[in-house]
Amino acid sequence: MSIASQYSHIREEIDAVCRTQGRDPSEVVLLPVSKTVGIAEITEAYDAGARAFGENRPDALCEKALQHPEYGWHFIGNVQSRRIRDIVAHADLIHSLYELKHVLKVNEVAKELGKVQHILLEVNVSGEESKSGLAPCDVACLLQETQECNSICIDGLMTMAPRSNRGEVQRTFSGLRKLRDDLVAQGFTQAPNCTLNELSMGMSEDWRAAIAHGATIVRIGRAIFDTSFVQ
Ligand SMILES: *Cc1c(COP(=O)(O)O)cnc(C)c1O
């Protein structure tokens, strides 16, 4: 299948899964992760209806966003202090922040650039050592310490499921959803910079389970851009 037809196919499947779950399909953003491809492939997905793309390296984010600033760009990769200015300059949403010092720096740089930077906090729900992210019990503390940061908006949470068994995957997604609901119940969304509306979870192989647990953004790379991917 072509990139355009893979994109359309997944979008239709997402819509169908949403309807069986009683969810409104417009609640779920399909974010094609374009880190392995160039602008030609990205434009194929754009022409098929995609409106924002996920990149995990600052250089590629800058290069691609400069070529097509009218496309939306999300940063989903490892954040380093010295690259925060480039990321904030080009990203509509940063999915992968989990260190307080980085969140504070994003706020500072966004203020200088005259923007409000939308961010998600990455959470290591499964507790695997190889995964980055905040421990679930540390998220409340970070929210407390950033309540006065008025050049960021904390839109929600992001996680990566382990590649292991289905049970672990389900536990990870339901864990992120429950964490968000608990933080809302604790009043954190009363801060003007914190909505917690978004749950960024689910990739090529596990997005169905993520939607069942309330994902609002699914980040899909291979199932769109690898034209030999077996759906
Ligand atoms: C690469 C990547 C994805 C997409 O993974 P696929 O398995 O290709 O769908 C999603 N999220 C992050 C953070 C990634 O780095």
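One can find the structure itself at the top, above this paragraph.
Let us look at the structure shown here. (Residues numbered from 1 in each chain as written. Predicted model: local features only at pLDDT ≥ 70, side-chain atom pairs only at ≥ 80, totals over all residues. Heavy atoms only, no water.)

## Re the side chain of threonine 216
Which entries qualify depends on this criterion: Strands here mean DSSP runs of E at least two residues long; helices mean DSSP runs of H or I at least four residues long; both are numbered from the N terminus. With a 1.4 Å probe rolled over the protein chains alone, any residue whose accessible area is under 20% of its type maximum counts as buried; one over 50% counts as exposed, and the rest are partly exposed. Think of a polar contact as two N or O atoms within 3.5 Å of one another; within protein, one of them needs to be a possible hydrogen donor and the other a possible acceptor, and neighboring residues in sequence only count if both atoms come from side chains. We call two residues in contact when some of their heavy atoms are within 4.5 Å.
Within the secondary structure layout, threonine 216 lies in the loop between α8 (207–212) and β8 (217–220). Here threonine 216 falls in the buried class, since its relative accessible area comes to 10%. A distance of 2.6 Å separates a polar atom in the side chain of threonine 216 from a polar atom in the side chain of glutamate 198. Sequence-distant contacts of threonine 216, that is, excluding residues within four places in its chain, are made with Arg23, Glu27, Val28, Val29, Asn197, Glu198 and Leu199.

## Regarding the pattern of salt bridges
The test is simple: Salt-bridge detection follows one rule: a side-chain nitrogen of Lys or Arg within 4 Å of a carboxyl oxygen of Asp or Glu.
Scanning all chains against the criterion turns up 15 salt bridges. Measuring nitrogen to oxygen at the nearest pair gives 2.9 Å for the salt bridge that ties lysine 178 to aspartate 182. With lysine 178 and aspartate 182 both in helix α7 (residues 166–185), this residue pair falls 4 residues apart, about one helical turn. Assessed through its relative accessible area of 51%, lysine 178 is described here as exposed. Arginine 180 is paired through a salt bridge with aspartate 181; the nearest N and O atoms lie 3.0 Å apart. Under the relative-accessibility criterion, aspartate 181 is labelled partly exposed at 34%. Each of Asp59, Arg83 and Asp86 takes part in salt bridges that share partners, so that together they form one network.

## Let's talk about α7
Defined as follows: The span you would expect from a helix comes to 1.5 Å times its residue count less one. Working definition: the arc comes from the directions between the helix axis and the C-beta atoms, pointing outward to the latter.
With 20 residues, α7 extends 28 Å from end C-alpha to end C-alpha; this agrees with the ideal 28 Å at 1.5 Å per step. For α7, the set of buried residues is Val169, Thr172, Phe173, Leu176, Leu179, Arg180 and Leu183. End-on view of α7: buried residues confined to an arc of 120°, all on one side of the axis. More than 90 degrees from the buried face of α7, the exposed residues found are Arg166, Arg171, Lys178 and Ala185. Where the residues of α7 are buried, they touch α6 (139–145), β6 (152–158), β7 (194–200) and α8. Where α7 begins, the capping side chain belongs to asparagine 165, and its oxygen is found 3.1 Å from the backbone nitrogen of glycine 167.

## Things to note about the pairing of β6
Put simply, the rule is: Two strands qualify as a pair provided DSSP detects at least 2 bridges between them. Classification remark: right-handed applies to a crossover when, strands pointing away from the viewer, the course from the first strand over the helix to the second runs clockwise.
With 7 of 7 residues buried, β6 is to be regarded as a mostly interior element. Alignment of strand β5 (residues 117–122) against β6, held across 6 bridges, turns out to be parallel. Within the sheet, the bridge partner assigned to isoleucine 119 lies in β6 and is isoleucine 154. The β-α-β motif built from β5, the intervening α6 and the parallel element β6 has right-handed crossover chirality. As paired strands, β6 and β7 are joined by 4 bridges and run parallel to one another. When the sheet's bridge partners are listed, isoleucine 154 is paired in β7 with cysteine 194.

## Description of the site of the ligand
Convention followed: Distances are taken per atom, and a residue is near a molecule or strand as soon as one of its heavy atoms is within 4 Å of it. Computed with a 1.4 Å probe, the accessible areas rest on the Shrake-Rupley method; for each residue, only the protein chains presented here act as cover. Gly counts as polar in this scheme, as do all residues outside two lists: the nonpolar Ala, Val, Leu, Ile, Met, Phe, Trp, Tyr, Cys and Pro, and the charged Asp, Glu, Lys and Arg.
Taken together, the neighbourhood of the ligand is formed by Val33, Lys35, Ile76, Met160, Met203, Ser204, Arg219, Ile220, Gly221 and Arg222. When the ligand sits alone it has 390 Å² of accessible area, and the protein chains cover 90% of it. Considered class by class, the residues forming the shell around the ligand number 5 nonpolar, 2 polar and 3 charged.

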